[in-house]
Amino acid sequence: DLTLTILKNNNIIDEQLNWAYGDGHLVIVGDIFDRGSKVTELLWFFYNLETQAEKSGGMVHYLLGNHEYMVMQNDLRYINPKYAFTSKLLNRPYDELFGKQSVLGRWLRSKATILKINDIIFVHGGISEEFIANQFDLERTNRDMRHYLVDTITTKRDSVYNKYFNSDGPIWYRG
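Heads up: these notes are all about the structure in this document.

Reading the values: rules and limits
- Residues numbered from 1 in each chain as written.
- Predicted model: local features only at pLDDT ≥ 70, side-chain atom pairs only at ≥ 80, totals over all residues.
- Heavy atoms only, no water.
- 1 Å grid on protein atoms, 1.4 Å probe; cavity = no way out; pocket = protein on both sides within 12 Å on 5 of 7 lines; lining within 4 Å.
- Points joined across faces, edges and corners; volume = space filled by probe spheres on them.
- Helix = DSSP H or I, 4+ residues; strand = E, 2+ residues; numbered from the N terminus.
- Nonpolar A, V, L, I, M, F, W, Y, C, P; charged D, E, K, R; others polar.
- Pairing = 2+ DSSP bridges.
- Phe/Tyr/Trp six-rings, centres within 6.5 Å; stacked < 30°, edge-to-face > 60°.
- Buried < 20%, exposed > 50% of the residue type's maximum accessible area, 1.4 Å probe, protein only.
- Polar contact = N/O pair within 3.5 Å; in protein donor to acceptor, adjacent residues only side chain to side chain.

Brief notes about the layout of surface pockets
In step 1: Its volume calculated, the largest pocket comes out at about 480 Å³.
In step 2: If you go around the largest pocket, you meet 21 residues; those closest to its centre are Thr-3, Leu-4, Ile-32, Leu-42 and Phe-46.
In step 3: Listed by contribution, the elements that provide at least two residues to the lining of the largest pocket are α1 (2-9), β1 (25-28) and α2 (39-55).
In step 4: Counted by class, the lining of the largest pocket contains 12 nonpolar, 4 polar and 5 charged residues.
In step 5: What the second largest pocket holds in volume is close to 150 Å³.
In step 6: Per-element accounting of the lining of the second largest pocket gives the leading share, 3 residues, to helix α3 (residues 66-72).

Considering the pairing of strand β3 (residues 114-117)
In step 1: Relative to strand β4 (residues 120-123), β3 runs antiparallel, the two sharing 4 bridges. Bridged to Ile-114 within β4 is Val-123.
In step 2: Between β3 and β4, which pair antiparallel in sequence order, lie 2 residues; one of them, Asn-118, sits at a positive phi of approximately 55 degrees.

So, the packing of aromatic side chains
In step 1: Within the structure shown, the criterion is met by 14 aromatic pairs.
In step 2: On the numbers, 5.2 Å between centres and 80 degrees between planes, the contact of Trp-44 with Tyr-47 is edge-to-face. On the criterion of helical spacing, the pair formed by Trp-44 and Tyr-47 is a turn pair, its members being 3 residues apart in helix α2.
In step 3: Judged by relative accessible area, Tyr-47 falls into the partly exposed class, the value being 26%.
In step 4: Relative to Phe-98, the ring of Tyr-94 has its centre 5.3 Å away and its plane inclined at 80 degrees; by these criteria the two rings are edge-to-face. Here the two residues Tyr-94 and Phe-98 agree in accessibility, since each one is buried.
In step 5: Here the aromatic residues Phe-33, Tyr-83, Tyr-94 and Phe-98 are joined through ring pairs into a cluster of three or more.

What about helix α4 (residues 81-90)?
In step 1: With a side-chain oxygen lying 2.8 Å from the backbone nitrogen of Lys-82, the N-terminal cap of α4 falls on Asn-80.
In step 2: Phi turns positive, to about 55 degrees, at Asn-91, one or two residues after α4.

Looking at the environment of Asp-151
In step 1: Here Asp-151 is to be found in the loop between α7 (138-148) and α8 (154-164).
In step 2: Asp-151 sits in the partly exposed class, given a relative accessible area of 21%.
In step 3: For the pair formed by Asp-151 and Gly-105, sequence separation is 46 residues and the distance between their alpha carbons is 14 Å.

Structure below.
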């Protein structure tokens, strides 16, 4: 509810919850997961808003934060009790609701972790000096982190994990 209020107050959406920002860009820097009891509703809202924005020449950019990665990797420490109950009712692990075979799962796996618009870089956590020194490449980072969510080869996953998911990586760095 607060998200919708903020978007309305800033003329991003209208009273009917439709895109009203013309050719503007809305950037969401992750962590919709684990932030209350309306995670699924917000994901579907942004999924639809993205299409509306594109039709108006605008863009919705949903970046993946650490909680998106956590949920899609079955780290469910912070999920709202509603979703633990939903998972139990459906007799499916919560992370499978956002698996590669689901609409939202495929949509999330298409998203970037780092975005550059003009001279501004957007990321959930931050970009550390150590990360930059490790041959930082924006496109390669996004590609590798997307592949991490779909690749099942352990050696590849371990090397990606060690490079991107440590405390100096873009979703965890807080410096």
